[in-house]
Amino acid sequence: MSASLQKGINALKEVIDAPVASFFASCVHCGLCAEACLFYTETGDPKYTPIHKLEPLKRVYQQEYTLLGRLAKMTGLAKPVTDDELEAWSELVYDSCTMCGRCSMVCPVGNDLTYMIRKLREGMAVSGHAPEGIVNATKRTVELGGPMGLKWPAVQNVIKHVEADSGHKVPVDQAGAEYMVLLSSMEIVNYPEYIGALARIFNKAGITWTLSSEAFEATNAGIQIGNSDLAREIVSRIVNAAEKLGVKKVLSPECGHAYMAIRWEGPNLVGRPFKFEVVHVLELLDELRAKGVLKMKDKLKTPVTLHDPCQIVRRGGVLNAPEALLKEVVVEFRPMTDHGKMNWCCGGGGGASAIHEPAAEELRFTAFKRKKAQIEETGVNTMVTFCANCRITLEESIDHFEMNTQLLGLTELLAEHLED
Amino acid sequence: MNEMELLTWARGPGLNIAIGLFILGMLWRLVEIYTLGRKKDLAPARNAPGASGWHTVVRRSMPPHGMLKRSPISYIGGYIFHIGLFIVVFLFAPHIKLVDSLLGLSWPGLPSQVIDAVTVVTLATMLLVLFDRINNPVKRYLSTVGDYAAWMLTFLPLLTGFLAVKHLLLPYTTMLALHILSVELLLVALPFTKLIHVFTLFASRWYNGDISGKRGVPV
Ligand code: SF4
Ligand code: SF4
């Protein structure tokens, strides 16, 4: 057995716990999880059944932690997990799983399949079977500070433009502010208006805030690739900066995986609760809305629908704020049939959008057909969402299918219609 | 051994051995699974109505939004044969008598005509779900020998019980002996097959509901 494979198997042994054992024991092979997964529903290929994606983890569980499995292993009857197998599984664990969590909503015996995929990725990552695209994004985040390799001077540049455009100051490294604001590289590069929008809203609400020059990047490719050591390193940067500045709260950007990383996995990665609270930007905005601070001067006239990013809504628990905020700023909102916590993924979550092999991209477009059908069913041409990663994936797919759908970011939309 | 001796063995020592192995096997498996434990979640929980392990234990008995339409045979077939099995196992008068003699517990049963009808429906539904397992591409793809064995282990007691009661195919004594033996086989195998879900599904649902519940998502 190669050293890296051994490491991978050890990592899997380490992450197997009572829930994993209970889930594998309970599975009745009913196949219902496939019906919830866009990679199965859009391809009809049974290999994309969520429980099947977990086969290597299941065998390690059986061979290491069950009596019958251990007996089989001792007598040579068990099929060992090999490098070749893990290599073949890379497509199933990364390209065709966005960790959207939909399968975990439907399994009749209650299996949280996504919880297990996340664990299987630990073994895949350390044994060297994660796709190159995500490996590189993770490397850049660790070495350069962000998945796009964006450095602080570049951010400073963007800040300067934002200040000039918006007429609001963007505070940096201000100790004692109430909020430390995190961004995602994708936002900084593609939607810098987001920063200006925040500045306006904070000023209006009279809340103190700051960016940190040491930790501005919220996304965590370590979580997506499934390597806890790297994920911890990336999260620690934020925790150190926030605790050094002594802020009360850290504001997660719209980006779904960033929120997941800092809000839910973060304390578990660093091994202790934080000294600050983590708030998603939509939670803050909704709170301001409820207080009456967030008043709109007018509303968007065109009817819109909403794409709920999985990591924020279904996996992240920001359930009610998005629709409440949207209704504040549009005249007509037409929800998709499956929305909120049952929404379908854009196809690019879980790091999938960082994989650029043609086959993976093709699969992503195929999986997008679910979303396409959902959009078409609502009969509107404008879709609002609140995750930079979803937005890029959606935009690519909308272009690919030459659809006539316009995409808007929720926070920016709110900022645009905010009372002066 | 003639059929009377076989029946006597099955009812006496056979049953004791089977129940003993079943209890040992179950204990072993439950310890093997649940002593693995899990790490404490250090992220501060968000509370939301309906989001907890206990809610999910109950809620997951109903098809989630949109799923019934996607897989009607799984749900409708699943409900019918699970409820049917429950009725036949626990509400058939001779079964209640057996439990009474073993544990001193008893409850009212259903008339035998009703049990007959339920048995026929359950047998037919089990054949349907077996057909679906072979016919549905996902189910066929996932299925292993274990799945077919589990089906057989469940089907045989139901079939032999029905044939014994109706005095069909074989003499009553022989059929009854076969019925009891098939139940014993089921008991011994249950902890080591997917049939263990009868017990573990409650914990699995609870874990799932708890993990999401901490994030404020009712699942
Ligand atoms: S839905 Fe649950 S029980 Fe059915 S095959 Fe998937 S994991 Fe197994
Ligand atoms: S998490 Fe989403 S993409 Fe992954 S297997 Fe489950 S349903 Fe499919």
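You'll find the structure just up there.
Residues numbered from 1 in each chain as written. Chains lettered and ligands numbered in written order. Predicted model: local features only at pLDDT ≥ 70, side-chain atom pairs only at ≥ 80, totals over all residues. Heavy atoms only, no water.

Student: Where do I start with the pairing of strand β3 (residues 249-252) of chain A in this structure?
Tutor: Each regular strand displays side chains that alternate between the two surfaces of the sheet. All names here are of chain A. Residue alternation in β3 divides its side chains into two sets, Lys-249 and Leu-251 and Val-250 and Ser-252, and both sets are buried. Of the pairings in the sheet, the one linking strand β1 (residues 179-181) to β3 comprises three bridges and is parallel in character. Considered in β3, the bridge of Val-181 is made with Leu-251. Inspection of the sheet shows β3 paired to strand β4 (residues 277-280) by four bridges, in the parallel sense. Along β4, the bridge assignment pairs Ser-252 with His-280. With helix α17 (residues 256-270) bridging β3 and its parallel neighbour β4, the resulting β-α-β unit is right-handed. (Buried < 20%, exposed > 50% of the residue type's maximum accessible area, 1.4 Å probe, protein only. Helix = DSSP H or I, 4+ residues; strand = E, 2+ residues; numbered from the N terminus. Pairing = 2+ DSSP bridges. Right-handed = clockwise from strand over helix to strand, strands pointing away.)

Student: What is the right way to read the site of ligand 1 from this model?
Tutor: Ligand 1 sits among 13 residues. The nearest are Cys-27, Cys-30, Gly-31, Cys-33 and Cys-107 of chain A. Of the residues that constitute the shell around ligand 1, the class distribution is ten nonpolar, three polar and no charged. (Near = heavy atom within 4 Å. Nonpolar A, V, L, I, M, F, W, Y, C, P; charged D, E, K, R; others polar.)

Student: I'm lost on the interface of chain A and chain B in this one. Help?
Tutor: For an interface, size is often stated in terms of accessible area lost upon the parts coming together. With 60 residues of chain A at the contact, the number on the chain B side is 50 residues. Buried area between chain A and chain B, summed over both chains or domains, comes out near 4,600 Å², and the portion from carbon and sulfur atoms is 59%. For chain A, the biggest contributors to the area lost against chain B are His-29, Glu-35 and Trp-264 of chain A; these three give 13% of the whole. Taken together, chain A and chain B are joined by two salt bridges. (Contact = heavy atoms within 4.5 Å. Buried area = accessible area lost by both parts, 1.4 Å probe. Salt bridge = Lys/Arg side-chain N within 4 Å of Asp/Glu carboxyl O.)

Student: Help me understand the sheet that holds β1 of chain A in this model?
Tutor: Sheet strands associate in pairs through backbone hydrogen bonding, adopting either a parallel or an antiparallel arrangement. Residues and elements named next belong to chain A. Across the sheet, four strands lie side by side as β2-β1-β3-β4; this open sheet has parallel pairing. The open sheet has two free edges, formed respectively by β2 (209-210) and β4, since each of these has just one partner strand. Across the sheet, helix α18 (residues 281-291) is in contact with β1, β3 and β4; its angle to β4 comes to roughly 80°. (Axes fitted to C-alpha atoms, helices over the stretch in contact; angles between N-to-C directions.)

Student: Looking at this structure, how should I read the packing of helix α1 (residues 3-15) of chain A against helix α6 (residues 55-65) of chain A?
Tutor: Packed helices, taken two at a time, are described by the angle between their axes plus the distance between the axes. Residue and element names in this part refer to chain A. α6 packs onto α1 with a crossing angle of 75° between their chain directions and a minimal axis gap of 10 Å. By the angle class used here, α1 and α6 are roughly perpendicular. Packed against α1, whose contacting residues are Ile-9, Leu-12 and Lys-13, the element α6 presents Leu-57, Val-60, Glu-64 and Tyr-65 at the interface. Per-class residue counts for the contact of α1 with α6 are five nonpolar, no polar and two charged. (Parallel < 35°, antiparallel > 145°, perpendicular 65-115°, else oblique.)

Student: Sorry, what's going on with helix α9 (residues 172-189) of chain B here?
Tutor: Taking 1.5 Å per residue as the helical rise, α9 of chain B with its 18 residues ought to reach 26 Å, and the 26 Å between its terminal C-alpha atoms agrees with that figure. Looking at the buried side of α9 of chain B, the elements it contacts are α1 (3-34), α5 (93-103) and α8 (145-165) of chain B. (Expected span 1.5 Å × (residues − 1).)

Student: For this particular structure, what's the right way to read unusual backbone geometry?
Tutor: For residues besides glycine, phi is generally negative; the peptide bonds are generally trans as well. Even without a glycine there, the phi angle at Met-99 of chain A is positive, about 50°. Mapped onto the fold, Met-99 of chain A is located in the loop between α8 (83-95) and α9 (103-106). One non-glycine residue, Leu-169 of chain B, lies in positive phi territory at about 70°. On the secondary structure map, Leu-169 of chain B appears in the loop between α8 and α9.

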